[in-house]
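# Inside the fold
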Amino acid sequence: MTYLLASLITFFFTTVLTIAGVGAAFILIPVFVALGIPLLTAMSTALLLNSFAMAVASFYNARAGLIVYRTALPILIIASLLSPLGAITAEHLSRTFLLWLFIGFLLFAGSMMLWYKPKKREISDSKKLISYGAGVGGFAGYIGGLLGVGGGNLIVPALVWLGFDPKKASATTSFIVIFSSFAGFLGHISLGNIDHNLLIVCAIASVAGAVLGNYLMRKKLSAPQVKKVIGIVLYIIAVKMIWDLIK
């Protein structure tokens, strides 16, 4: 029964969050723990599911020409370099204070996604795409390392504010999450924290959810609707973090 519930929950959240491009691990981890799955097993499984789902989504996104590689690659590189610096800085600051600041950012970003209407513009200049990627990568990597959270929920709104089409922002972030999640998974798998039966049933559900969520993002939802989904997801992340802090 636990595996069935875990797979159904995985399918639902992966479907919704694939639309936004941020991956479902941040919700799946506490849900798995609530189902009685050990924390380290929940973390390693959820991170690998993230990679599976985003790899499937990225396959379709690449075919549709939605991934902006000239921005994605600088984000990956710079974020990887600055994330350890953020982690070092965090040692000298109050984590609780930083998390409340981050919650404030998420609420602000979510509100911007829901109600702010940026001017539509297509960014094609290679230098701009690379410089935007470096800037966003530095921001997401440092803040992500500082707070110990995934950078996807920082990257998506930042790209939209810079003028990226919401669908391209979601697709580009999905591509990045493949590698960031898999790197986190490797850190856990070295400790042997894997339940293979749980992984198999949830991987099937994750792939199915990614296919459905990506189809909805590409074919059924308009760019403004995708933007609204991103805003709602940012609110959900903020509410979850508030709950974790006050419980």
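For the structure itself, consult the block above.
Let me begin by describing the structure that accompanies this report. (Residues numbered from 1 in each chain as written. Predicted model: local features only at pLDDT ≥ 70, side-chain atom pairs only at ≥ 80, totals over all residues. Heavy atoms only, no water.)

### Here's the deal with the packing of helix 1 (residues 2–20) against helix 2 (residues 25–34)
Describing two packed helices takes the angle between their axes plus the distance from one axis to the other. Interaxial distance between helix 1 and helix 2 falls to 10 Å at its minimum, and their mutual angle equals 165°. When the interaxial angle is binned, helix 1 and helix 2 end up roughly antiparallel. In the crossing of helix 1 with helix 2, the sense of the turn from one axis to the other is right-handed. Residue-level inspection shows Ala6, Ile9, Thr10, Phe13 and Leu17 of helix 1 in contact with helix 2, the latter providing Phe26, Ile27, Leu28, Val31 and Phe32. Residue classes in the contact of helix 1 with helix 2 are distributed as 9 nonpolar, 1 polar and no charged. (Axes fitted to C-alpha atoms, helices over the stretch in contact; angles between N-to-C directions. Helix = DSSP H or I, 4+ residues; strand = E, 2+ residues; numbered from the N terminus. Parallel < 35°, antiparallel > 145°, perpendicular 65-115°, else oblique. Left-handed = near helix turned anticlockwise from the far one by under 90°. Contact = heavy atoms within 4.5 Å. Nonpolar A, V, L, I, M, F, W, Y, C, P; charged D, E, K, R; others polar.)

### Digging into the pattern of salt bridges
The full count for this structure, using the stated rule, is 1 salt bridge. Measuring nitrogen to oxygen at the nearest pair gives 2.7 Å for the salt bridge that ties Lys240 to Asp244. Here Asp244 and Lys240 lie together in helix 10 (residues 223–246), a separation of 4 residues that amounts to about one turn. A relative accessible area of 33% means that Asp244 is categorised as partly exposed. (Salt bridge = Lys/Arg side-chain N within 4 Å of Asp/Glu carboxyl O. Buried < 20%, exposed > 50% of the residue type's maximum accessible area, 1.4 Å probe, protein only.)

### With respect to the environment of Ser94
Within the element layout of this structure, Ser94 appears in the loop between helix 4 (69–90) and helix 5 (95–115). Here the side chain of Ser94 touches Phe97 through a polar contact of 3.3 Å, landing on its backbone nitrogen. (Polar contact = N/O pair within 3.5 Å; in protein donor to acceptor, adjacent residues only side chain to side chain.)

### Quick word on the side chain of Asn61
Relative to the helices and strands, Asn61 resides in helix 3 (residues 39–63). Assessed through its relative accessible area of 0%, Asn61 is described here as buried. For Asn61, the contacting residues outside a window of four places in its chain are Leu66, Ile67, Ala171, Ser174, Asn214, Met217 and Arg218.

That's the geometry; what it means functionally is another story.
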